[in-house]
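Working through the structure, step by step
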Amino acid sequence: MPRLRVSIRDVEIGGDGFVVIAGPCAVESEEQIHESAALVARHGIPVLRGGAFKARTSPYTFQGLGLDGVKLMRAAADRQDLPMITEVLSERDVEGMLPYVDAFQVGSRNMDNTALLKLLGQVDKPVLLKRGFAATIKEWLLAAEYITVGGNEHVVLCERGIRTFSNETRFTLDLAGALYARQQSHCPVIIDPSHATGNPRLIPPLAAATLAAGLDGLMVEVHPDPSVALSDADQALSPRLFSDMMEQLQRYAAAAGRPLTR
Ligand code: PEP
Ligand code: MN
C-alpha cells in the first residue's frame, strides 16, 4: 500500500526517515518545559511532545495545566524552533488549542471517543491516534477512519501497549499488531515504548526493534529529572538514558540505511 506521508509542520512521518518524538509526560512548569525542549533539541529530535490535558488513571493525581500548559509548551517549542504535539481530551478544547498546536494527540483512553474523532476530521492539523489499550487492530483502524472520512487524512497511528494477562510490564507492546496495522492501512505507524512498558530500561531496546521492524517512528517520554516528575515518573527516561538511547539508535539507523529525521 502506498504510504501516506503526514507532516507535522515540516517534519514528515511515513517517508524514508525514522522520526523520534520526545518530551515529558506532562507540562509541569515553564522552567520544566523549557528545559525539556532544550534537551530534546540538543539531541536533534524533530518534534516535542508533552501533555497539558492529562488523562490520568486516578482523579486525585496531577491533571495537567490545561490550556496554560499548551501555551507554555508552544513558547518552549518556539524557542527551540520545534513543532509540538499535545493530547486533546475533549471536543470542548479543540478550538482553543488549535492556534497553539502543530498536531493533536488522541490518547488511548479516547480512541473510541467518536465525537472527538469526528471533530478532528474537520481540522487542518495532523492527528496522532493512539491505540486503545483494549482495542483490536480493526477497531483502531476504524477509529482512524472516523477522522479521515471527515476530510482530515493526516493521521499517524501509535501503538502504546495493550492489556494482557502479563503484568510485569505496564502494558504489553504489540509490535506484531503495529506491523499488521501498517500493512492494512496507508497511515504511518509509530511505537510508544514508554507507556507500553512503564520501564525506562526496556525503552532503548524496543526503540531499536521499532527501527529494525521498518516502522515509521517512536514517541518516548523523557524528563530533565524523573525523580521529581509529576506524572509517569517511573517510566521517564533520564537525560543520561535518553542520550545513550539516541546514540545507539543513530548507530542502528546507519546500519539499516535509514536516516533519523532531524
Ligand atoms: C501520553 O502519551 O501522554 C498518554 C497519556 O499516553 P496514552 O494515551 O497512551 O496512555
Ligand atoms: Mn505519560
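Basis of the calculations
- Residues numbered from 1 in each chain as written.
- Chains lettered and ligands numbered in written order.
- Predicted model: local features only at pLDDT ≥ 70, side-chain atom pairs only at ≥ 80, totals over all residues.
- Heavy atoms only, no water.
- Pairing = 2+ DSSP bridges.
- Helix = DSSP H or I, 4+ residues; strand = E, 2+ residues; numbered from the N terminus.
- Axes fitted to C-alpha atoms, helices over the stretch in contact; angles between N-to-C directions.
- Contact = heavy atoms within 4.5 Å.
- Donors = N, O, S within 2.8 Å, 3.2 Å for Na, K, Ca; no water.
- Buried < 20%, exposed > 50% of the residue type's maximum accessible area, 1.4 Å probe, protein only.
- Core = buried A, V, L, I, M, F, W, Y, C linked by side-chain atoms within 4.5 Å.
- Phe/Tyr/Trp six-rings, centres within 6.5 Å; stacked < 30°, edge-to-face > 60°.
- Lys NZ or Arg CZ within 6 Å of the ring centre and 35° of its normal.
- Salt bridge = Lys/Arg side-chain N within 4 Å of Asp/Glu carboxyl O.
- Near = heavy atom within 4 Å.
- Polar contact = N/O pair within 3.5 Å; in protein donor to acceptor, adjacent residues only side chain to side chain.
- Areas by Shrake-Rupley, 256 points an atom, 1.4 Å probe, with all protein chains shown as cover.
- Nonpolar A, V, L, I, M, F, W, Y, C, P; charged D, E, K, R; others polar.
- Arc of directions from axis to C-beta.
- Left-handed = near helix turned anticlockwise from the far one by under 90°.
- Right-handed = clockwise from strand over helix to strand, strands pointing away.

1. A word on the sheet that holds strand E5 (residues 84-87)
Spatially, eight strands are ordered E3-E4-E5-E6-E7-E8-E9-E10 in a closed barrel, and the strand pairing comes out parallel. Taken over all neighbouring pairs, the strand axes of this sheet differ in orientation by 25° on average, direction set aside. Most of the contacts of helix H5 (residues 137-148) go to strand E8 (residues 155-159), to which it runs at about 155°, and overall it touches strand E7 (127-130), E8 and strand E9 (189-191). Strands E8 and E9 of the sheet are contacted by helix H6 (residues 175-184), whose axis makes an angle of about 165° with E9.

2. Some words on the coordination of the manganese ion (ligand 2)
For a metal with four tetrahedral donors the ideal donor-metal-donor angle is 109.5 degrees, while six octahedral donors give ideal angles of 90 or 180 degrees. Donor atoms from the polypeptide that coordinate the manganese ion (ligand 2) comprise Cys-25 (SG), His-195 (NE2), Glu-221 (OE) and Asp-232 (OD), at 2.0 to 2.4 Å from the metal. Counting along the primary sequence, the residues that act as donors to the manganese ion (ligand 2) give the motif C-x169-H-x25-E-x10-D. Taken together, the residues Cys-25 in the loop between strand E3 (19-23) and helix H1 (30-42) and Glu-221 in strand E10 (residues 217-221) connect sequence positions 196 residues apart. Of the two residues examined, Cys-25 and Glu-221, each falls in the buried class.

3. Remarks on the nonpolar core
In terms of nonpolar packing, the biggest core is built from 62 residues, with Leu-120, Leu-129, Leu-157, Phe-242 and Leu-249 touching the most fellow members. Ignoring any residue separated from it by four or fewer positions in sequence, one finds Leu-129 in contact with Val-106, Met-111, Leu-117, Trp-140, Ala-143, Ala-144, Ile-147, Val-155, Val-156, Leu-157 and Cys-158. Membership of the second largest hydrophobic core comes to 15 residues, among which are Ile-13, Val-47, Leu-128 and Val-156.

4. So, the packing of aromatic side chains
This structure, assessed with the given rule, holds one aromatic pair. Judged by centre distance (5.2 Å) and plane angle (35°), the rings of Phe-133 and Phe-171 are tilted. Of this pair, Phe-133 sits in the loop between E7 and H5 while Phe-171 sits in the loop between E8 and H6; the two residues are 38 residues apart in sequence, bridging distant segments of the chain. Accessibility expressed as a relative area gives 3% for Phe-171, which makes it buried. Here the guanidinium or amino end of Arg-163 rests over the ring plane of Phe-133, the centre of that ring lying 4.9 Å away.

5. Details of the pattern of salt bridges
Tallied over the entire structure, the rule returns 13 salt bridges. Salt-bridge contacts for Asp-174 lead to Arg-131; the nearest nitrogen and oxygen are separated by 2.8 Å. Of this pair, Asp-174 sits in the loop between E8 and H6 while Arg-131 is found in the loop between E7 and H5, placing the two residues 43 residues apart along the sequence. Through salt bridges that share partners, Arg-9, Arg-74, Asp-78, Asp-81 and Asp-102 make up one connected network.

6. Section: the site of ligand 1
The full set of residues close to ligand 1 is Arg-49, Lys-54, Glu-87, Gln-105, Gly-107, Ser-108, Arg-109, Lys-130, Arg-160, His-195 and Glu-221. In the environment of ligand 1, an oxygen atom lies 2.9 Å from a nitrogen or oxygen atom belonging to the side chain of Gln-105. Between ligand 1 and Lys-130, the relevant distance is 2.8 Å, taken from an oxygen atom to a side-chain nitrogen or oxygen of the residue. When the free accessible area of ligand 1 is taken as 290 Å², the share hidden by the protein chains comes to 97%. Taken together, the residues of the shell around ligand 1 sort by class into no nonpolar, four polar and seven charged.

7. Looking at helix H8 (residues 203-212)
Along H8, the residues classified as buried are Ile-203, Pro-204, Ala-207, Ala-208, Thr-210 and Leu-211. Along the long axis of H8, the arc covered by the buried residues comes to 155°, so they all point the same way. Buried residues along H8 sit against H6, E9, helix H7 (193-197), E10 and helix H9 (239-256). Where H8 terminates, the next one or two residues include Gly-214, which has phi positive at roughly 85°.

8. Concerning the packing of H1 against helix H2 (residues 67-79)
Axis separation between H1 and H2 bottoms out at 9 Å; the angle between their running directions is 35°. Classified by chirality, the crossing of H2 by H1 is right-handed. Listed contacts from H2 to Glu-30, Ile-33, His-34 and Ala-37 of H1 are Leu-72, Met-73, Ala-75, Ala-76 and Arg-79. Within the contact of H1 with H2, the residues separate by chemical class into six nonpolar, one polar and two charged.

9. As for the pairing of strand E6 (residues 103-106)
By the alternation rule, side chains of E6 split into Ala-103 and Gln-105 and Phe-104 and Val-106, which are all buried. Pairing analysis gives three bridges linking E5 to E6, with the strands arranged parallel. Counted as the bridge partner of Glu-87 is Gln-105 from E6. With three bridges joining them, E6 and E7 adopt parallel strand pairing. Counted as the bridge partner of Val-106 is Leu-129 from E7. Regarding the hand of the β-α-β motif, the stretch spanning E6, helix H4 (residues 114-120) and E7 is right-handed.

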